[in-house]
Amino acid sequence: MLGPLLRGSLRSYPANGHTTFLPQIRKLVFEFCDKWPSSHHTRTFLTNHLEDVARANPHVEIVVKMRLNKEPIVRGFYLNGRDKVIALNRFEVTQIQQKVQLLLDSSGAKLKSFKRRPVESTTEATRGIWSGLHADRPRL
């Protein structure tokens, strides 16, 4: 017989799944210089398009910081504690929009290579596991 269900055991925890989606990004930080020519497109993006990005993503905190005599960057902070940094010095305004969208859609997880992935099996090989200790000694 099952015991009584306690109220604390009926608690639900937020998680990505069938009916819910939790965005993994929590903060975007734009850093740029007000005088350097490499920050020109970043300044244009910030004045013309940043408000639209903020309205479309109310769950993301957006911070704009001055970084004197440095190249412009955008940094994304994620719920798993990681961050991703993208330099914006050679990008046009549309390319900056694409990079910001990439940070918004990203999970923050470390990139994994799909090349040379080791084979993992849950079952034993058909011939068994070979060991040099169990093999017959060669005869000359």
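In what follows, the accompanying structure is described. Here the structure is a predicted model, which means the values were calculated and not measured.

### Here's the deal with the environment of Val 29
Working step 1: For Val 29, the location among the structural elements is in strand 1 (residues 25–32).
Working step 2: Overall, the relative accessible area of 5% leaves Val 29 in the buried class.
Working step 3: Between the C-alpha atoms of Val 29 and Glu 61, which are 32 residues apart in sequence, the distance is 8.3 Å.
Working step 4: Setting aside its immediate chain neighbours within four residues, Val 29 contacts Val 63, Lys 65, Ile 73, Val 74, Arg 75 and Phe 77.

### Considerations on the nonpolar core
Working step 1: Leu 28, Phe 30, Phe 45 and Val 100 are the most contacted members of the largest nonpolar core, which has 18 residues in total.
Working step 2: Secondary structure elements with two or more residues in this core: strand 1, helix 1 (40–48), helix 2 (50–56), strand 3 (73–78) and helix 3 (93–105).
Working step 3: Among the elements that make up this core, the one with the highest residue count is helix 3 (5 residues).
Working step 4: With sequence-adjacent residues up to four places away left out, Phe 30 is seen in contact with Phe 45, Leu 46, Leu 50, Ile 62, Val 63, Val 64, Lys 65, Ile 73, Val 74 and Val 100.

### Comments concerning the packing of aromatic side chains
Working step 1: Within this structure, the stated rule accounts for 1 aromatic pair.
Working step 2: Ring centres of Phe 30 and Phe 45 lie 5.9 Å apart, and the angle between their planes is 40°; on these two criteria the pair is classed as tilted. Taken as a pair, Phe 30 in strand 1 and Phe 45 in helix 1 lie far apart in primary sequence, 15 residues in all.
Working step 3: On the accessibility criterion, Phe 30 (0% relative accessible area) is buried.
Working step 4: Taking relative accessible area as the criterion, Phe 45 reaches 0% and is therefore assigned buried.
Working step 5: Its guanidinium or amino end placed over the ring of Phe 77, Lys 27 lies 5.7 Å from that ring's centre, counting from NZ or CZ.

Cut-offs applied
- Residues numbered from 1 in each chain as written.
- Predicted model: local features only at pLDDT ≥ 70, side-chain atom pairs only at ≥ 80, totals over all residues.
- Heavy atoms only, no water.
- Helix = DSSP H or I, 4+ residues; strand = E, 2+ residues; numbered from the N terminus.
- Buried < 20%, exposed > 50% of the residue type's maximum accessible area, 1.4 Å probe, protein only.
- Contact = heavy atoms within 4.5 Å.
- Core = buried A, V, L, I, M, F, W, Y, C linked by side-chain atoms within 4.5 Å.
- Phe/Tyr/Trp six-rings, centres within 6.5 Å; stacked < 30°, edge-to-face > 60°.
- Lys NZ or Arg CZ within 6 Å of the ring centre and 35° of its normal.

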